[in-house]
Amino acid sequence: MNRARLLHFNAALGPLDYKVPAGMRVEPGSIVVAPLGPRQIIGIVWEEERLPSDSVPDHKLRALIEVLPVPPLRAELRRLIEWTADYYCARIASVARMVLASGGALRGPSTMVEYRLSGNEPERMTPQRAVALDALQGEQATIRELAELASVSEGVLRGLVNQGVLEPVEVDIDRPYIKPDPDFAQPDLSADQQRVADRFIEAVQAEKFAPFLLDGVTGSGKTETYFEPLAAALRMGRQVLVLLPEIALTEAFLRRFEDRFGTPPVVWHSSLKSTERRRAWRAISSGEAKVVVGARSALFLPFARLGLLVVDEAHEVSFKQDDGVRYNARDVAVMRGHFEGVPVILASATPALESLQMAESGIYERLELPSRFGGATMPDVGIINLTEEKPERGRWLAPRLVEQLKQRLERGEQSLLFLNRRGYAPLTLCRHCGFRFQCPNCSAWLVEHRLSNRLSCHHCGHETTPPPNCPECGEPDCLVACGPGVERIADEVAEIMPEARVALVTSDTLNSPEKAAAFVRQAEDRMIDVIVGTQLVTKGFHFPELTLVGVVDADLGLEGGDLRAAERTYQQMAQVAGRAGRGTKPGEVLIQTRHPEAPVIAALAAGDRDAFYAAETDARRDAGAPPFGRWAAIIVSSEDEAEAKEAARAIGGTRPSLPDVMILGPAPAPMSLLRGRYRYRLLINARRSAQVQNIIRDWLGTLDFPQGVRVAIDIDPYSFV
Ligand SMILES: [Zn+2]
Ligand SMILES: [Zn+2]
């Protein structure tokens, strides 16, 4: 190649052409540095014919500066980038940016300094030094990490460095990971698990695209089942990616993985330190990192030799990204498997209707694990009709649920109460004048967090301290909390059973992998009697002593009128119910509701999953909703209300008129103010045959908007706020 076309990240310019200087070797996918005006930019060499641009004559081209010392992005990944940009109506550079997720990784090898004990004694021993020497036996890390480990200040450790008690060690940042051993431990599988695992192994060995739906009830051992094809891929020298919906879940996963393969996998998520990020990225692109477990962003990592993709808890909403490139990692994972020519396993106890439909039509192969591992039985589900069995005044738990909680406590068994609402109360108002605390940046109430003494907005993060007087009428001590959050339920449990040990599990309390690990240990060691938690507790956890699950308010998710409300409620309830009775003792589930007649509640009570999915399928078919029709949203926003409204009107006014497409709106969004921006929405409902993306591109491509206006396109939206 003597000229190269670059995909780069300067949003104002299209693709750029450069001259390849003599002696420099580039190929499509090479990551290079190029001059742009007086500056330098990073770009990816792309096939010219796939990235159309005006051609510049050879003599006008500037020369590339250097090729960065990382493997070129493979064609399979370049096709995935193109597909994702095209399908989700995103800029191709925005998708490519997700691939180059570590700036540091693009530079060559590098070292850093870590410290360890040298064996020398300090000149003078102080209590803090004694603590540090004790805690740091056998450890090696940076000063900051060691200080955290020993719970002493960095100053204490620097003193020890000066005295030669801690010695510096130069380490390679990219030091290799320990390879998982496919034969470390023998799996102990049931006949069902073995049958499914064998089919997966066959698919991995075939080295061809094959999408699977692993449909197994909660507690059936899906993870252990897909560990076997994972081992098969390792034996073939291939890499494996496992996507998990929630980073708080990885702790339990990591332990099971280590038990089976002798070492933890490489972890990828947004809160990695930049050195860890760099090390992981480089090892993934060289093929040295064998198994990667990560959140949805791991999907775009530059694997050298992928052999298998797994999406665990594939029904989870958190696989859908709702800003930037609005992609669904579950769907993009299947496309990645397609381009790479490898199997993809979507695992779930409550698959999305879209996935079930793909299985029904024969596009995905469905494999079932119909019973729990080790002979455990599914829990009994009972309904508490709150209109008949009322909780005491000012309380939220009905007498029957309270009675069961007390019995469990007496028997030394664990209970779990589920309410998907963080904080103490979702609304605070003035008893005197009716004033309600609202977020200044969003159309949302402020949620009281009593533990941290804050009123906070769950949409934009705005926080304030509850004032002693009403800001409206000035009356003192007149604020009342309305409705329950998990903090309030935990308080109620403490009042009813003062001797019970209660753990509160929300993203506020379990905000790091360490805290998640500590919680799991305490629960397993039976240091906890009652767990009160949000959706964080609905999945992944496996506590054999947990025999009672109480759903505080099953109607919560059914409000709001979003397209998938019933399905989400069903999934959440079924998942949280699945935490009960996973050991030898049978489990019981009690669901509090004001609408026992709602189809989703009735299906849960009857344990009739098929009935729920059948009713939901009919409703979606009637509404032309996915998977039978398609939705897309256009969200117009601006800090200036009039400007947002005007832009939305302009879009609405030029709407195309097509037989297989219905366009609704523009209308103010349900969250008409979000993070200080006024929002309008248009909703597109189309037949499956319609080319929705092309229609939207043609439609919006002709329009110009003021600078402050943002127009976002959401294909297959999950959020309707
Ligand atoms: Zn007031
Ligand atoms: Zn807000």
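Residues numbered from 1 in each chain as written. Chains lettered and ligands numbered in written order. Predicted model: local features only at pLDDT ≥ 70, side-chain atom pairs only at ≥ 80, totals over all residues. Heavy atoms only, no water.

Caption draft 1: Molecular detail of the packing of helix α6 (residues 191-206) against helix α7 (residues 222-235). Where α6 contacts α7, the two axes come as close as 8 Å, and the packing angle between them is 30°. The pairing of α6 with α7 is recorded here as roughly parallel in orientation. Our pair here, α6 against α7, has a crossing hand that is right-handed. Of α7, the residues touching α6 (which contributes Q193, V196, A197, F200, I201 and V204) are E224, T225, E228, P229, A232 and A233. (Axes fitted to C-alpha atoms, helices over the stretch in contact; angles between N-to-C directions. Helix = DSSP H or I, 4+ residues; strand = E, 2+ residues; numbered from the N terminus. Parallel < 35°, antiparallel > 145°, perpendicular 65-115°, else oblique. Left-handed = near helix turned anticlockwise from the far one by under 90°. Contact = heavy atoms within 4.5 Å.)

Caption draft 2: Local environment of the packing of helix α3 (residues 127-135) against helix α5 (residues 154-162). α5 packs onto α3 with a crossing angle of 80° between their chain directions and a minimal axis gap of 10 Å. Put simply, α3 runs roughly perpendicular to α5. Contacts between α3 and α5 involve Q128, R129 and A132 from the first element and V156, L157 and L160 from the second. Classifying every residue of the contact of α3 with α5 by side-chain character gives four nonpolar, one polar and one charged. (Nonpolar A, V, L, I, M, F, W, Y, C, P; charged D, E, K, R; others polar.)

Caption draft 3: Looking closely at the coordination of the zinc ion (ligand 1). The protein atoms that coordinate the zinc ion (ligand 1) are C430 (SG), C433 (SG), C470 (SG) and C473 (SG), at distances of 2.2 to 2.4 Å. Coordination at the zinc ion (ligand 1) is tetrahedral, judged from the four donor atoms that bind it and the angles of 107 to 111° they form at the metal. The exposure class of C433 is partly exposed, given its relative accessible area of 37%. (Donors = N, O, S within 2.8 Å, 3.2 Å for Na, K, Ca; no water. Tetrahedral: all angles 85-135°; square planar, octahedral: opposite > 155°, others 65-115°. Buried < 20%, exposed > 50% of the residue type's maximum accessible area, 1.4 Å probe, protein only.)

Caption draft 4: Spatial organisation of the coordination of the zinc ion (ligand 2). Every protein donor of the zinc ion (ligand 2) is listed here as C439 (SG), C442 (SG), C457 (SG) and C460 (SG), and their distances to the metal cover 2.2 to 2.4 Å. Spacing between the donor residues of the zinc ion (ligand 2) along their common chain follows C-x2-C-x14-C-x2-C. Of this pair, C442 sits in the loop between β17 (427-430) and β18 (447-449) while C457 sits in the loop between β19 (454-456) and β20 (463-464), and the two are 15 residues apart along the sequence. For C442, a relative accessible area of 1% gives the class buried.

Caption draft 5: Representation of the sheet that holds β18. Pairing is antiparallel across the open sheet formed by three strands, whose spatial order is β18-β19-β20. Looking at strand neighbours, the two that pair on one side only are β18 and β20, the edges of this open sheet. Relative to β19, β18 runs antiparallel, the two being bridged by three bridges. Across the sheet, residue V447 finds its bridge partner in β19, namely S456. (Pairing = 2+ DSSP bridges.)

Caption draft 6: Expanded view of the packing of aromatic side chains. Following the criterion strictly, the structure yields 17 aromatic pairs and no others. Relative to F253, the ring of F227 lies with its centre 5.8 Å away and its plane at 75°, an arrangement referred to as edge-to-face. With F227 in helix α7 and F253 in helix α8 (residues 250-261), this pair connects stretches of sequence that are 26 residues apart. As far as burial versus exposure is concerned, F227 and F253 are alike and both buried. Here the aromatic residues Y226, F227, F253, F257 and F261 are joined through ring pairs into a cluster of three or more. Positioned above the aromatic ring of Y177 is the side chain of R279, whose terminal nitrogen or guanidinium carbon lies 4.0 Å from the ring centre. (Phe/Tyr/Trp six-rings, centres within 6.5 Å; stacked < 30°, edge-to-face > 60°. Lys NZ or Arg CZ within 6 Å of the ring centre and 35° of its normal.)

Caption draft 7: Here's a closer look at the sheet that holds strand β11 (residues 291-294). What the seven strands build is an open sheet, ordered β10-β11-β9-β12-β13-β8-β14; its pairing is parallel. Of all strands in the sheet, those with a lone pairing partner are β10 (266-268) and β14 (365-369), marking the two edges. With strand direction ignored, the average angle separating the axes of adjacent strands in the sheet is 20°. Across four bridges, the pairing between strand β12 (residues 306-312) and strand β13 (residues 343-348) is parallel. Its bridge partner lying in β13, V310 is registered against I345. Of the strands in this sheet, β8 (210-216), β12, β13 and β14 touch α6, which is tilted by about 155° from β14.

Caption draft 8: Structural view of the nonpolar core. The biggest cluster of nonpolar side chains holds 116 residues, and the ones touching the most others in it are L241, L299, F300, Y327, F519 and I531. V204, Y226, F257 and I345 belong to the second-largest nonpolar core, a separate cluster that totals 29 residues. (Core = buried A, V, L, I, M, F, W, Y, C linked by side-chain atoms within 4.5 Å.)

Caption draft 9: Expanded view of the pattern of salt bridges. Overall, the coordinates contain 53 salt bridges when judged by the stated rule. A salt bridge links R5 to E48; its shortest N-O distance comes to 3.9 Å. In this pair, R5 sits in strand β1 (residues 3-8) while E48 sits in the loop between β4 (39-46) and β5 (66-67), placing the two residues 43 residues apart along the sequence. The partner of D183 in a salt bridge is R235, and the shortest N-O contact between them spans 2.7 Å. Taken together, the positions of D183 in the loop between β7 (166-172) and α6 and R235 in helix α7 put the pair 52 residues apart, joining distant regions of the chain. (Salt bridge = Lys/Arg side-chain N within 4 Å of Asp/Glu carboxyl O.)

Caption draft 10: Local environment of helix α15 (residues 565-577). The end-to-end C-alpha distance of α15, which contains 13 residues, comes to 18 Å, matching closely the 18 Å that a straight helix rising 1.5 Å per residue would cover. Across the 13 residues that make up α15, a large majority, 10, are buried. Taken together, the buried residues of α15 touch α11 (353-360), β16 (414-418), β24 (546-551), β25 (588-593), α16 (599-606) and α17 (609-623). (Expected span 1.5 Å × (residues − 1).)

Caption draft 11: Quick look at the side chain of R679. Secondary-structure assignment places R679 in strand β28 (residues 677-687). Despite its burial, R679 remains without a salt bridge, the nearest opposite charge being carried by D714 at 8.0 Å. Within the structure, the side chain of R679 is placed 2.9 Å from the backbone oxygen of M671, a separation counted as a polar contact. The contact partners of R679, leaving out residues within four places of it in the chain, are I635, V636, S637, P668, A669, M671, S672, L674 and V721. (Lys, Arg positive; Asp, Glu negative; His and termini not counted. Polar contact = N/O pair within 3.5 Å; in protein donor to acceptor, adjacent residues only side chain to side chain.)

Caption draft 12: Examining the environment of G581 more closely. Mapped onto the elements of the fold, G581 is located in the loop between α15 and β25. Here G581 falls in the buried class, since its relative accessible area comes to 0%. Distance in space between the C-alpha atoms of G581 and Q592 is 19 Å, their sequence separation being 11 residues. What G581 contacts, discounting residues up to four positions off in sequence, is R372, A376, T377, L546, T547, P586 and G587.

Caption draft 13: Molecular detail of the side chain of R677. For R677, the position within the fold is in strand β28. No salt bridge is formed by the buried R677; its nearest oppositely charged neighbour, E639, is found at 4.2 Å. Among the polar contacts made by the side chain of R677, one reaches the side chain of S637 at a distance of 3.0 Å. Not counting the four nearest positions on each side in its chain, R677 is found in contact with S637, S638, E639, S672, G708, V709 and R710.

Caption draft 14: Highlighting α16. Among all positions of α16, only V600, I601, A603 and L604 are buried. Projected onto a plane normal to the axis of α16, the buried residues spread over an arc of 160° and lie on a single side. Residues P599 and A606 are exposed on α16 and point more than 90 degrees away from its buried face. Buried residues along α16 sit against β15 (380-385), α15, β25 and α17. Remark: G607 follows α16 within two positions and exhibits a positive phi of approximately 65°. (Arc of directions from axis to C-beta.)

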